[in-house]
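# Structural characterization, general
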Amino acid sequence: DVAAAARRIATVALRKQAVVIDREGAYPRTIMHELGKVGVFAKLATVEGDLTVTIDAMEAVARECVSTAFCCWCQGALTWYVRNCDNAALRDWLLAPLASGAVLGGTALSNPMKAHSGLENLLLHGQRSADGWIVSGAIPWVSNIEAGHPFGVIFSTADGGSAMAVVDDTLDGLRIKINDDYETMSGTATVATRLRAVQVDKKRILAADASAFIPKIRSGFVLIQTGIGLGIMRAAVDVIEATRRDLGPSDSGGLVVTDLQKLEDEIQRLRARTFNLACAADDAEWKEVLQLRLDLATAALKAATAAQLTAGAIGLRRGNRAVRLVREAAFYGVLTPSVRHLGYMLAQL
């Protein structure tokens, strides 16, 4: 029922706005609220650890607009963090509003996830205070963020460890500034953040030991993204099928760059792997999650390229679904964990 409702929102309201979101940077705020109302994020707040409902809905959203699906992932990831934390005060304050979409928010864990793998150093630093931490530093991009939107951060501590918290620009010393210079991200409410001696009280602490908390959330962090890859592949099928209809009887299949049946079969195989892991995300095998995400990124880019080549010159026109699809697939390949990051982690394992 949730996926069906998400498909209705995606194919009616979102389809009409997708080009404006992509080309003019319009943030799909209303659509995000509507997706929350129909339950797209609600299952992430439950104890079952079942991500399939959210992934199924996100596939429908990404089929129309990856920028909006990416915002859904940001929302879902923050909901997942709060659901998994031991801080009852934080859960009581934020979990229900995030799960319903009444409050929108994001995740600033691109740098921390790389830091956890040994690829970068943490950009935020915290010092103990009487009621929590004083945090300083800068994060170049955080998405799904407008004024008052909360987001998760991880900061280093003086003892060589790290902690995780939820912050927003209502805190003194925290500033956000639109950072929309990136292709396929202009409609995602992506901001640069600066924290200058920001007081983060205990109510906002997700984990006193972030290195111990990350293994609890990392599978969900990655699995919630899988709906984006599946949606890109579905959109590629849509473009190819539309091209074949336009070609009419002149096409015997030879003008289509890829074998549609093979592409459909690959989608079904990847979908089955996804849902097998996502139905019990808390117990998902980390290596299998990483390999799935890498396989999806590779398959999505291949499918999007085939769709554009099948569409031909018209697939290069501004606003055409095919040309946007290739950019969206490339974006999915560099979204943390990127293809490079995935390869590194798999090699370490």
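All values reported here derive from a predicted model rather than from experimental measurement.

A few words now on the environment of Glu-64. With respect to the helices and strands, Glu-64 occurs in helix 3 (residues 52-64). The spatial distance from the C-alpha of Glu-64 to the C-alpha of Leu-325 is 9.5 Å, given a sequence separation of 261 residues. Contacts of Glu-64, omitting those with residues within four sequence positions, involve Ala-10, Thr-11, Leu-14, Arg-15, Ala-18, Arg-321 and Arg-324.

Counting 96 residues, the largest nonpolar core has Trp-73, Met-164 and Ile-228 as the members making the most contacts within it. Excluding residues within four positions of it along the chain, Met-164 makes contact with Tyr-81, Leu-109, Val-153, Ile-154, Arg-204, Ile-205, Leu-206, Ala-207, Ala-210, Phe-213 and Ile-217. Grouped together as the second largest cluster of nonpolar side chains are 20 residues, Ile-139, Phe-151, Val-191 and Leu-195 included.

A few words now on the layout of surface pockets. Size it by volume and the largest pocket reaches roughly 500 Å³. Lining the largest pocket are 24 residues, and of these Ser-110, Trp-141, Val-334, Leu-335 and Thr-336 sit closest to its centre. Along the lines of polarity and charge, the residues of the lining of the largest pocket split into 15 nonpolar, six polar and three charged. In this structure, the second largest pocket occupies an estimated 300 Å³ of space. If you trace the second largest pocket, you find 15 residues lining it, with Ala-235, Asp-238, Val-239, Ala-242 and Arg-321 closest to the centre. Going through the elements one at a time, helix 3, helix 8 (226-247) and helix 11 (321-334) are the ones with two or more residues in the lining of the second largest pocket. Examining the composition of the lining of the second largest pocket, we find that six residues originate from one element, helix 8, more than from any other. For the lining of the second largest pocket, the class distribution of residues is six nonpolar, two polar and seven charged.

This brings us to the pattern of salt bridges. Counted according to the given criterion, the structure contains 15 salt bridges. In this structure, Glu-64 engages Arg-15 in a salt bridge whose closest nitrogen and oxygen atoms are separated by 2.8 Å. In this pair, Glu-64 sits in helix 3 while Arg-15 sits in helix 1 (residues 2-24), placing the two residues 49 residues apart along the sequence. The shortest N-O distance in the salt bridge between Asp-22 and Arg-327 comes to 2.7 Å. Here Asp-22 is found in helix 1, whereas its partner Arg-327 is found in helix 11, with 305 residues between them in sequence. Accessibility expressed as a relative area gives 12% for Asp-22, which makes it buried. Accessibility expressed as a relative area gives 25% for Arg-327, which makes it partly exposed. Via salt bridges that share partners, Asp-56, Glu-59, Arg-234, Glu-264 and Arg-271 belong to a single interconnected network.

What counts and what doesn't
- Residues numbered from 1 in each chain as written.
- Predicted model: local features only at pLDDT ≥ 70, side-chain atom pairs only at ≥ 80, totals over all residues.
- Heavy atoms only, no water.
- Helix = DSSP H or I, 4+ residues; strand = E, 2+ residues; numbered from the N terminus.
- Contact = heavy atoms within 4.5 Å.
- Core = buried A, V, L, I, M, F, W, Y, C linked by side-chain atoms within 4.5 Å.
- Buried < 20%, exposed > 50% of the residue type's maximum accessible area, 1.4 Å probe, protein only.
- 1 Å grid on protein atoms, 1.4 Å probe; cavity = no way out; pocket = protein on both sides within 12 Å on 5 of 7 lines; lining within 4 Å.
- Points joined across faces, edges and corners; volume = space filled by probe spheres on them.
- Nonpolar A, V, L, I, M, F, W, Y, C, P; charged D, E, K, R; others polar.
- Salt bridge = Lys/Arg side-chain N within 4 Å of Asp/Glu carboxyl O.

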